[in-house]
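# Residue-level structural notes
Next come the chains, spelled out residue by residue.
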Protein chains: 2
Amino acid sequence: MPPVVMRQWFPRYDRSMSESRVPESDEAPPAPGQVTVELSAAIVAATPAGPSVLALRGEGGGAPGLPSGPLEATHRTLEAGLRSWVAEQTRQELGHVEQLYTFGDRDRTACDPGVRALSIGYLALVREARPAGSADAAWEGWYRWFPWEDRRDGQPAALDRLEARLVAWADSGATAGARQLRRDRLAATFGTGGDGWIEDRVLERYELLYGAGLVSEAGAPPGVGEGSVMRADHRRILATAIGRLRGKIKYRPIVFELMPPAFTFLQLQQTVEGLAGIRLHKPNFRRLVEQQGLVEETGEVTTETGGRPARLLRFRSEVLLERPAPGLRLPRPRQPAA
Amino acid sequence: MPPVVMRQWFPRYDRSMSESRVPESDEAPPAPGQVTVELSAAIVAATPAGPSVLALRGEGGGAPGLPSGPLEATHRTLEAGLRSWVAEQTRQELGHVEQLYTFGDRDRTACDPGVRALSIGYLALVREARPAGSADAAWEGWYRWFPWEDRRDGQPAALDRLEARLVAWADSGATAGARQLRRDRLAATFGTGGDGWIEDRVLERYELLYGAGLVSEAGAPPGVGEGSVMRADHRRILATAIGRLRGKIKYRPIVFELMPPAFTFLQLQQTVEGLAGIRLHKPNFRRLVEQQGLVEETGEVTTETGGRPARLLRFRSEVLLERPAPGLRLPRPRQPAA
DNA sequence: CTCCTTATACTCCGATCGAGTATTTCAGAG
DNA sequence: CTCTGAAATACTCGATCGGAGTATAAGGAG
């Protein structure tokens, strides 16, 4: 996968940055039997090269993580708590925010087993990937952590490597029944061989890879797994975020939360392609967006795109009131008739 | 709405019941600043008359609630904790279980404000609505709590009553801008007038009604709101469950988790209609199910349906591996050309 | 002026799906 | 035994959706 170039839709953005306070984790050590709650956000922005998330450098050379912090008594709502941590650690103005999932497996939190660590993951979308806001925060292409999820240029090499090892994993089941079960699960999540690939099932694929020991873990020697490592369960949260976003663009006009106020058809298409990790047919995508009434022309054009000047569009927020499910149905290659 | 008749697909089920232990809530009073976690399940079963949930009678004449209990240190995972509470309080064998949402607003928990009460809601599906398992548990049609959500026999009277009051609520906004915002939100969630009604948005509708003070609350005089009351935030969890289920049947074959091993087309259709709260076109539903390859014939027929004997079907679980999104697309009446 | 690049417009055609109608097959009443 | 009603099942029509391909327009660089 080519490195994500951080050219922005809005390259001219420039605002004074200020450093953020690192959360102090030594406020009160949790007593045994108690519950701690961590709020984490996968903050996503779109760039021409693909979607990016805001990652915080790990302390002391550790694995990077998502912006996060503990739930505190002062937070009126969970989302408010999340927003306050994000505001403190980054300089982003969050647009759409939604809760993803609450993780709480006892055996998957490496730390003190006497304390129950709940982790509530959130997805947040921002319109422009501003300068990260602190020296510890940086925008990174999200496929860095999920290289097998990017099928825009055909099946990625990472997936080629993984597939062989996944088959080996399936065949290493203890009993014949277990092997069949593993093969079935493999077929359902990875679609075996590229056809039948379902973009949404990011978390299911990650969990399968995790169970099969095929993703890198913090502390493991390099090369043993695919993709970069994240702190705690943050990579799992990111997988959930990607899956949710991929699923949701199909039935809600959520992509526009990632777009600047005015954009071209191709920019919109490339954003969707980046999110979904697949390529789309240009004329059909155009027609789809047009006839869905999701956008309207601003009247202006831009010549920044290279060839013929492109008309600029804006999102028609009225569709939220008009149409029932104004999403961008992703085309699925039609099966040849049986 | 006619009262839900508890005739079962499986009326012949008969197993010795045993009383369940009521959870002791006095194990250790939470200290200020601490976090408590309650796990609650909306357990859903399908009956010919419509979907039902298992409700626990409220103690001392209080409002009924969902099976639930606090997260404990012995629970390995959140789902395991939920299952153990459900096993203790009911006699149901849960099939599909999925996490819905974590609620944690400080101001919406009526009890001790010093303690943060998290509430993690789950959706669970069971194949047969067995006898409730304890004298305190009972199956209830879910539209009892959401009468405005049942559009199977046209727009329900409850919604008629509500609409007038919702418009009044919208028009009582402080500023012109607030009024427009309220009208827009109303249009988006309720579809104003019946067309544009989107089944999934159950929670959004409930939250709007809640905010407008139009749903019954515990302790309020009868008649002030529509629908029955539930303990704590359990009604909110149920709203989330209904919405999730309605959304999910469209892209995953989840209805079959509610069906007995063999069933007829009409039973399947009525189950879907009950869940979605709308009526479907019989021949088209048939064709849809057939050509989707979701079911296969068992070879047997049943005469219990009244007229011509109906063939019995079973779910083809293989489709989970074959097809990408094997859901039951719900038909949406086509708009007359503009 | 040529060529390259991108934007935009249009066509074809199979598959989908809403809507309606006709036919079969049983149970039970007369 | 026959009629009747209820439900199951089968078939048709036509609009539209949407995948795939191709053609044309309009700028910039050389």
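Keep in mind the model is a prediction, meaning the values are calculated, not measured.

On to the packing of aromatic side chains, then. The tally for this structure, following the rule as stated, stands at 16 aromatic pairs over all chains. Arranged with centres 5.7 Å apart and planes meeting at 75 degrees, the rings of B:F146 and B:Y206 form a pair that is edge-to-face. One end of the pair, B:F146, is in the loop between β6 (137-141) and α2 (157-171); the other, B:Y206, is in helix α4 (residues 202-211), with 60 residues separating them in the sequence. Each member of the pair, B:F146 as well as B:Y206, carries the same accessibility label: buried. A network of ring pairs unites the aromatic residues A:F146, A:W148, A:Y206 and A:Y210 as a single cluster. It is B:R235 that lies over the ring of B:F146; its NZ or CZ is 5.7 Å from the centre.

In this section: the pattern of salt bridges. For the structure on display, the rule yields 40 salt bridges over all chains. The shortest N-O distance in the salt bridge between A:E98 and A:R244 comes to 2.8 Å. In this pair, A:E98 is assigned in strand β4 (residues 97-103) and A:R244 in helix α5 (residues 234-248), connecting sequence segments 146 residues apart. Between B:R236 and B:E207 there is a salt bridge, and its shortest N-O distance comes to 2.7 Å. Of this pair, B:R236 sits in helix α5 (residues 234-248) while B:E207 sits in helix α4, placing them 29 residues apart in sequence. Connected through salt bridges with shared partners, the residues A:E296, A:R314, A:R316 and A:E318 form a single ionic network.

Superposing chain B onto chain A takes a rotation of 180 degrees plus a shift of 0.0 Å along the axis, which leaves an RMSD of 0.0 Å. Considering both components of the superposition, the chain copies are consistent with a two-fold axis. Using C-alpha coordinates, one finds that chain B approaches the rotation axis most closely at B:V35, a distance of 3.0 Å. Of the interface residues in chain B, 100% have counterparts in chain A that sit at the interface too, so the contact is made through matching surfaces.

Okay, the packing of α4(B) against α5(B) next. All names here are of chain B. At their nearest, the axes of α4 and α5 sit 7 Å apart, and the two run at 150 degrees to each other. Taken together, the axes of α4 and α5 are roughly antiparallel relative to one another. Together, V202, L203, R205, Y206 and E207 of α4 and R235, R236, A239, T240, I242, G243 and R246 of α5 make up the contact between the two elements. Residue composition of the contact of α4 with α5, grouped by class: five nonpolar, two polar and five charged.

The next point concerns the confidence of the model for chain A. Across chain A, the average pLDDT comes to 82, with 80% of residues at or above 70. Mean pLDDT per element in chain A: helix α8 (residues 319-322) of chain A is the minimum at 68, and β4(A) is the maximum at 97.

Turning our eyes to something else, we now look at the side chain of A:K248. Residue and element names in this part refer to chain A. Inspection of the secondary structure puts K248 in helix α5. We classify K248 as buried; its relative accessible area is 17%. When residues no more than four places from it in sequence are discounted, the contact partners of K248 are E98 and I254.

So, on to the interface of chain B and chain A. Taken together, the 33 residues of chain B in the interface contact 33 residues of chain A. Note on chain B versus chain A: buried area summed over both sides is about 2,800 Å², and carbon and sulfur give 54% of it. Joining chain B to chain A, the criterion identifies zero salt bridges. Remark: the boundary between chain B and chain A carries 13 residue pairs in polar contact (both at pLDDT 80 or more). Every element with two or more residues in the side of chain B that touches chain A is listed here: β1 (35-47), β4 (97-103), β5 (116-125), α3 (176-190) and α8 (319-322) of chain B. Among the elements that take part in the side of chain B that touches chain A, β4(B) stands out by supplying four residues, more than any other. Looking at side-chain class alone, the side of chain B that touches chain A contains 15 nonpolar, seven polar and eleven charged residues.

Criteria and thresholds
Residues numbered from 1 in each chain as written. Chains lettered and ligands numbered in written order. Predicted model: local features only at pLDDT ≥ 70, side-chain atom pairs only at ≥ 80, totals over all residues. Heavy atoms only, no water. Phe/Tyr/Trp six-rings, centres within 6.5 Å; stacked < 30°, edge-to-face > 60°. Helix = DSSP H or I, 4+ residues; strand = E, 2+ residues; numbered from the N terminus. Buried < 20%, exposed > 50% of the residue type's maximum accessible area, 1.4 Å probe, protein only. Lys NZ or Arg CZ within 6 Å of the ring centre and 35° of its normal. Salt bridge = Lys/Arg side-chain N within 4 Å of Asp/Glu carboxyl O. Least-squares fit on C-alpha atoms with pLDDT ≥ 70 in both. Contact = heavy atoms within 4.5 Å. Axes fitted to C-alpha atoms, helices over the stretch in contact; angles between N-to-C directions. Parallel < 35°, antiparallel > 145°, perpendicular 65-115°, else oblique. Nonpolar A, V, L, I, M, F, W, Y, C, P; charged D, E, K, R; others polar. pLDDT = per-residue confidence, 0-100. Buried area = accessible area lost by both parts, 1.4 Å probe. Polar contact = N/O pair within 3.5 Å; in protein donor to acceptor, adjacent residues only side chain to side chain.

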